[in-house]
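Here's the letter readout for the chains.
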Amino acid sequence: MKVFRDLYIRLNGARIKDLIEQFTAQCGDHWHRALDREKDAGSMGEKAFSFEHTAGDGLERAGLSLFQKEGDTWYVPNIIPLDSSQLSHDQYNKILENFLDTIVRPSIAGLPVTAELSGDVVFLKDVVGEDVAVLLHNFSVLANKSTGSAHPCDRNRWFDFLIAVQRKHISLDTDLLIHSLMEDGWSEDRAHDLAIEYEFAIGLLDYKEGK
């Protein structure tokens, strides 16, 4: 499933103030420092360094901010569109990749700083593990797709998957679950129904454990 990429910058002993000065100096025709956004973050008690991308190079107008994640690691948690209500996965990822290529990489050349982008595609097995992914696939392959989890045999295989997810305390996004079910041949409506069942069941199991 297509996902929004994450950018992580590890200082490895460098000073964030010096690095941001390098980023700012590297800004050209389509990037500039967004000090107003930084002030807004500061008013909420968060330290952030913000930049905006302007139109003209085929990418959308958008703003992004660097926040401290932990220790000397900083990251971009979100990109905000400035001319539309939302960005597609491709639009979002291309803006982030452009920021990395035109601002970050030239600025960190010769420094101990490292920058890393997460992947743009995630698979169910990456989140839940191969063993749990197999349980869902077995359910999908053998289930009557017109009745969902209603048949006792199908229900038991579905329960095996639900219990395995909950025992691992996995945070599984329902969009990824729906996408995986549809890849296994479920209709969109049935996949959404199963996702609703999933959320209820995990909530019930967590409640039973006192979570």
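Structure: see above.
Here the structure is a predicted model, which is why all the values come from computation and not from measurement.

Turning our eyes to something else, we now look at the overall build of the chain. Along the backbone of the chain there are eight helices and seven strands. Rg of the C-alpha trace for the chain: 22 Å, well past the compact-globule value of 17 Å for 211 residues, more than 25% over. Considering only C-alpha atoms, the chain reaches an extent of 65 × 35 × 35 Å along its principal axes. Looking at the chain residue by residue over its 211 residues, the buried ones come to 38%. Across the chain, contacts joining residues at least 24 apart in sequence account for 61% of those joining residues at least 6 apart. Split by element, the accessible area of the chain, about 11800 Å² in all, is 50% carbon and sulfur.

The terminal C-alpha atoms of helix 8 (residues 188-209), which comprises 22 residues, lie 31 Å apart, in line with the 32 Å expected from a rise of 1.5 Å per residue. In this structure, the buried side of helix 8 is in contact with helix 5 (130-142), helix 6 (152-167) and helix 7 (174-183).

Here we take up the nonpolar core. Taken as a class, soluble globular proteins show a tendency for nonpolar side chains to be buried jointly. Membership of the largest hydrophobic core comes to 29 residues, with the highest contact counts inside it found for Leu7, Phe23, Ile79 and Phe99. For this core, the secondary structure elements donating two or more residues are strand 1 (7-10), helix 1 (16-26), strand 3 (48-53), strand 4 (62-70), strand 5 (73-76) and helix 3 (89-108). No other element matches helix 3, which puts eight residues into this core. In this structure, Phe99 is in contact with Leu7, Phe23, Trp31, Phe51, Leu64 and Val104, ignoring residues within four places of it in sequence. Listed in part, the 27 residues of the second largest apolar core include Ala133, Ala143, Trp158 and Ala201.

To continue, consider the pairing of strand 5. Looking along a regular strand, one sees side chains alternate from face to face of the sheet. Across four bridges, the pairing between strand 1 and strand 5 is antiparallel. Each bridged residue has a counterpart across the sheet, and for Leu7 the counterpart in strand 5 is Val76. Counting the residues that bridge the hairpin from strand 4 to strand 5 gives two residues, and of these Gly71 lies at a positive phi of roughly 55°.

Right, let's talk about the packing of aromatic side chains for a bit. The full count for this structure, using the stated rule, is 11 aromatic pairs. Of the aromatic side chains, those joined through ring pairs into one cluster are Phe139, Trp158, Phe161, Trp186 and Tyr198. The ring of Tyr75 is capped by Lys69, whose NZ or CZ atom sits 4.9 Å from the centre of that ring. The ring of Trp186 carries the charged tip of Lys145 above its face, separated from the ring centre by 5.2 Å.

Here we take up the side chain of Thr73. Of note, Thr73 is situated in strand 5. By relative accessible area, Thr73 is classed as buried at 8%.

Take the pattern of salt bridges next. Under the counting rule described, the total for this entry stands at 11 salt bridges. Between Glu116 and Arg10 there is a salt bridge; the shortest N-O distance is 3.2 Å. Here the residue Glu116 occupies a position in strand 7 (residues 114-117), and Arg10 occupies one in strand 1, the gap between them amounting to 106 residues. Arg10 gets classed as partly exposed once you look at its relative accessible area, which sits at 29%. A salt bridge links Arg61 to Asp83, with the nearest nitrogen and oxygen atoms 2.7 Å apart. Of this pair, Arg61 sits in the loop between strand 3 and strand 4 while Asp83 sits in the loop between strand 6 (79-81) and helix 3, and the two are 22 residues apart along the sequence. Its relative accessible area of 53% is what places Asp83 among the exposed residues.

Calculation notes
- Residue indices begin from 1 for each chain and proceed along its sequence in written order.
- Where local features are concerned, this predicted model is filtered to residues with pLDDT of at least 70; where side-chain atom pairs are given and counted, the filter is 80 or more; whole-chain, interface and lining totals use all residues.
- Only hydrogens and water are set aside; all other atoms, that is, all heavy atoms of the structure, feed into the side-chain values.
- Helix numbers and strand numbers start at the N terminus; a helix is a DSSP run of H or I with at least 4 residues, a strand a run of E with at least 2.
- Using C-alpha atoms as the atom set, the radius of gyration is obtained and then compared with a globule rule of 2.2 Å times the number of residues to the power 0.38.
- Buried means the residue's accessible area, taken with a 1.4 Å probe over protein chains only, is under 20% of the maximum for its type, while exposed means over 50%, and partly exposed covers the values in between.
- The contact criterion used throughout is that any non-hydrogen atoms of two residues lie within 4.5 Å.
- Computed with a 1.4 Å probe, the accessible areas rest on the Shrake-Rupley method; for each residue, only the protein chains presented here act as cover.
- Helix span, expected: 1.5 Å multiplied by one less than the number of residues in the helix.
- Put simply, buried Ala, Val, Leu, Ile, Met, Phe, Trp, Tyr and Cys residues joined by side-chain atoms within 4.5 Å make one nonpolar core.
- What makes two strands pair is DSSP finding at least two bridges between them.
- Two aromatic rings from Phe, Tyr or Trp, using only the six-membered ring of Trp, form a pair when their centres are within 6.5 Å; if the ring planes differ by under 30 degrees the pair is stacked, by over 60 it is edge-to-face, and anything between is tilted.
- Criterion for a charge above a ring: Arg CZ or Lys NZ at most 6 Å from the ring centre, at most 35 degrees from the ring normal.
- Every case where a carboxyl oxygen of Asp or Glu lies within 4 Å of a side-chain nitrogen of Lys or Arg is listed as a salt bridge.

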